[in-house]
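Chain and residue survey
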Amino acid sequence: MRTRVKICGITREEDALTAVRHGADAIGLVFVEASPRHVSIAQAQAAIRSLPPFIAVVGLFVDAEPSFIEQVLKEVRLDMLQFHGDESPEECQRYARPYMKAIRVRPDTNLLQYALDYPRASALLLDAHVEGVAGGTGQRFDWSLIPADLPMPIVLAGGLNADNVAEAIKQVRPYAVDVSGGVESQKGIKDAGKIAAFMRGVTDAAL
Ligand SMILES: O=C(O)c1ccccc1N[C@@H]1O[C@H](COP(=O)(O)O)[C@@H](O)[C@H]1O
């Protein structure tokens with residue numbers, strides 16, 4: 001089975017459709033004001049309005065107020081939530097949606113403990129730890145820090161691009177990969193050629 005692909009930081013309808021045309025399984029919308037990929041509710045609605053069926057829409061939040069998340073959920077058709085801050089298991093669990101908990105991995109991060117702490121997460125999303133930045137940094141981390149026996153699906157993120165995604169998949173064997181900066185021409189604007197090359201890398205890893 002091919003590794004699933006989420007393309008994150010979609011801000012425009014044309015980029016959502018380009019991602020899907022090249023085989024992405026999910027797209028991510030960043031509801032984080034400080035991010036250059038931030039979308040308003042209206043932009044999010046526009047970006048996903050012509051998506052075909054069976055494409056998952058993931059809403060990304062960083063330590064957001066519950067009232068804001070509820071408001072987004074009322075107005076935007078999100079299939080899954082991605083919590084990329086310091087949200088507790090209780091905070092992640094309070095919405096009627098499956099969720100992924102993002103962990104920014106450092107050499108001393110105990111990923112097995114995170115898997116135990118977030119038993120209701122659909123997956124742990126593993127990203128690079130960069131001091132003072134929540135995510136979308138384009139930095140990768142040392143994949144050998146990921147235990148082989150994590151009892152939960154892994155979504156691998158952090159600095160992935162067409163040149164390293166096949167190697168990443170072969171080494172880590174994640175359920176899915178998540179990319180943002182590696183398929184952009186500028187922050188928040190996706191590049192069809194880079195998306196195509198990234199998807200080829202994912203396919204090559206399965207050969
Ligand atoms: O994309 C952002 O701007 C962002 C902002 C705040 C938290 C997370 C964000 N993106 C996520 O970061 C990882 C890695 O991104 P990249 O491929 O290294 O650019 C990914 O999960 C994005 O969803």
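Residues numbered from 1 in each chain as written. Predicted model: local features only at pLDDT ≥ 70, side-chain atom pairs only at ≥ 80, totals over all residues.

Of all the 6 residues making up strand E6 (residues 123-128), 5 are buried; the element is thus mostly covered by neighbouring parts of the structure. Where strand E5 (residues 99-105) meets E6, 6 bridges bridge the pair, whose relative direction is parallel. Bridge assignment links Ala-102 to a residue of E6, and that residue is Leu-125. Handedness of the β-α-β unit built from E5, helix H5 (residues 111-117) and E6 comes out right-handed. As defined by bridge partners, E6 adjoins strand E7 (residues 154-156) across 3 bridges and the pair is classed as parallel. Within E7, the position partnered with Leu-126 by the bridge is Leu-156. (Buried ≥ 20, exposed ≤ 12 C-beta atoms within 10 Å, placed from the backbone. Helix = DSSP H or I, 4+ residues; strand = E, 2+ residues; numbered from the N terminus. Pairing = 2+ DSSP bridges. Right-handed = clockwise from strand over helix to strand, strands pointing away.)

Those places that UniProt annotates as "domain: N-(5'phosphoribosyl) anthranilate isomerase (PRAI)" (unreviewed entry) correspond, in this numbering, to residues 5-199. Taken end to end, residues 5-199 is 28% helix and 22% strand, and its first and last C-alpha atoms sit 8 Å apart. (UniProt positions renumbered as here; feature names shortened; annotations may be inferred.)

Along the chain, Phe-141 falls in the loop between E6 and E7. Between the C-alpha atoms of Phe-141 and Pro-107, which are 34 residues apart in sequence, the distance is 9.1 Å.

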